[in-house]
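Next come the chains, spelled out residue by residue.
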Amino acid sequence: MSDETARTTREALLRTAERLYAEQGITTVSNRTVAAEAGTANNSAVGYHFGGKTDLVLAIVRHRNEQTEPHRVRMLERTAGSTDPQDHIDSLNLPIVALLDELGAPTWYARFTLQVMVDPPWRDLVAEELSRSPHILEASRRLMETTRHLDPSLVRKRARLAGLTVAHVCADHEADIHVRDRAPAWDGVGSFLSDALAGLILAPVRRRA
């Protein structure tokens, strides 16, 4: 197999797996199904190019995160030195919206991400993978630095909830684009999420007497 053929097959497997996982869930889709839907006659193509299902899922995450990172870098550069926590909340969450807008319809990554986020074992695995990103770590550090008035454990819990919110909102919008002739622009989704996530993470703590 030539290098070009291997690259083409690998890309087809990634695209197909992302779509099938988005539509049907990760657990229910076999590697054999991914290979068949990708148009390869080799039922073991996933194993040959990636390894097991876990390796394929992480390959999708790495591929999309590589595409997302330039958006995150630009946001980090623009908000360097900011004391407004909303800037750093945006740096953590809005690059995915920018990527989805950049990719153009049809996309499947938002719904794939939602499938990951609602399944704890996959969510934890992917969270561990993304925690290696220096830009995500920097955005997180800035958020914690600018929210010192709140309990750090509370900020982390709210940030996890914010991640789920992003996954649901983006998945809903992505699906909406598929079934409507026209849908609101992704930048509108970004603006909505920016305000909603700031409200979620920065809300004052209220305790009952």
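How each quantity is defined
Residues numbered from 1 in each chain as written. Predicted model: local features only at pLDDT ≥ 70, side-chain atom pairs only at ≥ 80, totals over all residues. Heavy atoms only, no water. Helix = DSSP H or I, 4+ residues; strand = E, 2+ residues; numbered from the N terminus. Rg over C-alpha atoms; globule rule 2.2 N^0.38 Å. Buried < 20%, exposed > 50% of the residue type's maximum accessible area, 1.4 Å probe, protein only. Contact = heavy atoms within 4.5 Å. Areas by Shrake-Rupley, 256 points an atom, 1.4 Å probe, with all protein chains shown as cover. Lys, Arg positive; Asp, Glu negative; His and termini not counted. Charge placed at Lys NZ, Arg CZ, Asp CG, Glu CD. Salt bridge = Lys/Arg side-chain N within 4 Å of Asp/Glu carboxyl O. Axes fitted to C-alpha atoms, helices over the stretch in contact; angles between N-to-C directions. Parallel < 35°, antiparallel > 145°, perpendicular 65-115°, else oblique. Left-handed = near helix turned anticlockwise from the far one by under 90°. Expected span 1.5 Å × (residues − 1). Arc of directions from axis to C-beta.

Q: Account for the overall build of the chain, with residues named and values stated.
A: Scanning the chain from N- to C-terminus turns up 11 helices and zero strands. N-terminal to C-terminal, the α/β element order of the chain is α-α-α-α-α-α-α-α-α-α-α. Relative to the compact-globule value of 17 Å for 209 residues, the chain shows a C-alpha radius of gyration of 19 Å, a close match. Dimensions of the chain along its principal axes, counting C-alpha atoms only, are 65 × 40 × 40 Å. Across the 209 residues in the chain, those meeting the buried criterion constitute 41%. Intrachain contacts of the chain at a sequence separation of at least 6 include 72% that bridge at least 24 residues. Counting only carbon and sulfur atoms, one obtains 51% of the accessible surface of the chain, whose full area is about 11400 Å². In the chain, 26 side chains carry a positive charge and 28 a negative one; their mean positions are 6 Å apart.

Q: Report on the pattern of salt bridges, specifying residues and quantitative values.
A: According to the stated counting rule, one finds 13 salt bridges in the structure shown. Arg141 is paired through a salt bridge with Glu138; the nearest N and O atoms lie 2.9 Å apart. Of this pair, Arg141 and Glu138 are both found in helix H9 (residues 134–145), three residues apart, which corresponds to roughly one turn of the helix. The partly exposed category is assigned to Arg141, whose relative accessible area is 46%. Judged by its relative accessible area of 23%, Glu138 is partly exposed. Connected through salt bridges with shared partners, the residues Arg62, Glu128, Glu129 and Arg132 form a single ionic network.

Q: Lay out the packing of helix H10 (residues 152–179) against helix H11 (residues 186–202) in plain terms, naming residues and giving numbers.
A: Between H10 and H11, whose axes approach to 10 Å, the crossing angle comes to 160°. Classified by the angle between their axes, H10 and H11 sit roughly antiparallel to one another. The two elements H10 and H11 meet at a crossing, and its hand is right-handed. The segment H10 lies against H11, with Val155, Arg158, Ala159, Leu161, Ala162, Thr165, Val166, Val169, Cys170, His173, Glu174 and Ile177 engaging Trp186, Val189, Phe192, Leu193, Leu197, Leu200, Ile201 and Leu202.

Q: Can you break down the environment of Ala36 residue by residue, with the values?
A: Note on placement: Ala36 falls in helix H2 (residues 31–37). What makes Ala36 partly exposed here is its relative accessible area of 48%. C-alpha separation for the pair Ala36 and Leu193, spaced 157 residues apart in sequence, amounts to 37 Å.

Q: Give me the environment of Leu13: which residues, what numbers.
A: Within the element layout of this structure, Leu13 appears in helix H1 (residues 3–24). Put simply, Leu13 and His49 are 36 residues apart on the chain and 8.8 Å apart in space, counted from C-alpha to C-alpha. In contact with Leu13, not counting residues within four places along its chain, are Val34, Ala35, Ala38, Thr40, Ala45, Val46, His49 and Phe50.

Q: Help me get a handle on H11, residues and values and all.
A: Compared with the 24 Å implied by 1.5 Å per residue over 17 residues, the 24 Å span of H11 between its first and last C-alpha is a close match. Looking at H11, one finds that the buried residues are Trp186, Val189, Gly190, Leu193, Ser194, Leu197, Ala198 and Ile201. Taken down its axis, H11 places every buried residue within 155° of arc, on the same side. Facing away from the buried side of H11, by more than 90 degrees, are the exposed residues Phe192 and Asp195. Of the surrounding elements, those touching the buried residues of H11 are helix H5 (85–93), helix H6 (95–103) and H10.

Q: Talk me through the packing of H5 against H9; I want residue IDs and the actual numbers.
A: Interaxial distance between H5 and H9 falls to 8 Å at its minimum, and their mutual angle equals 155°. Relative to H9, H5 is oriented roughly antiparallel. Of the two possible hands of crossing, H5 and H9 adopt the one that is left-handed. Where H5 abuts H9, its residues Pro85, His88, Ile89, Ser91 and Leu92 lie against Ile136, Ala139, Ser140, Arg142 and Leu143.

Geometric descriptors of this kind do not, in isolation, establish any biological role.
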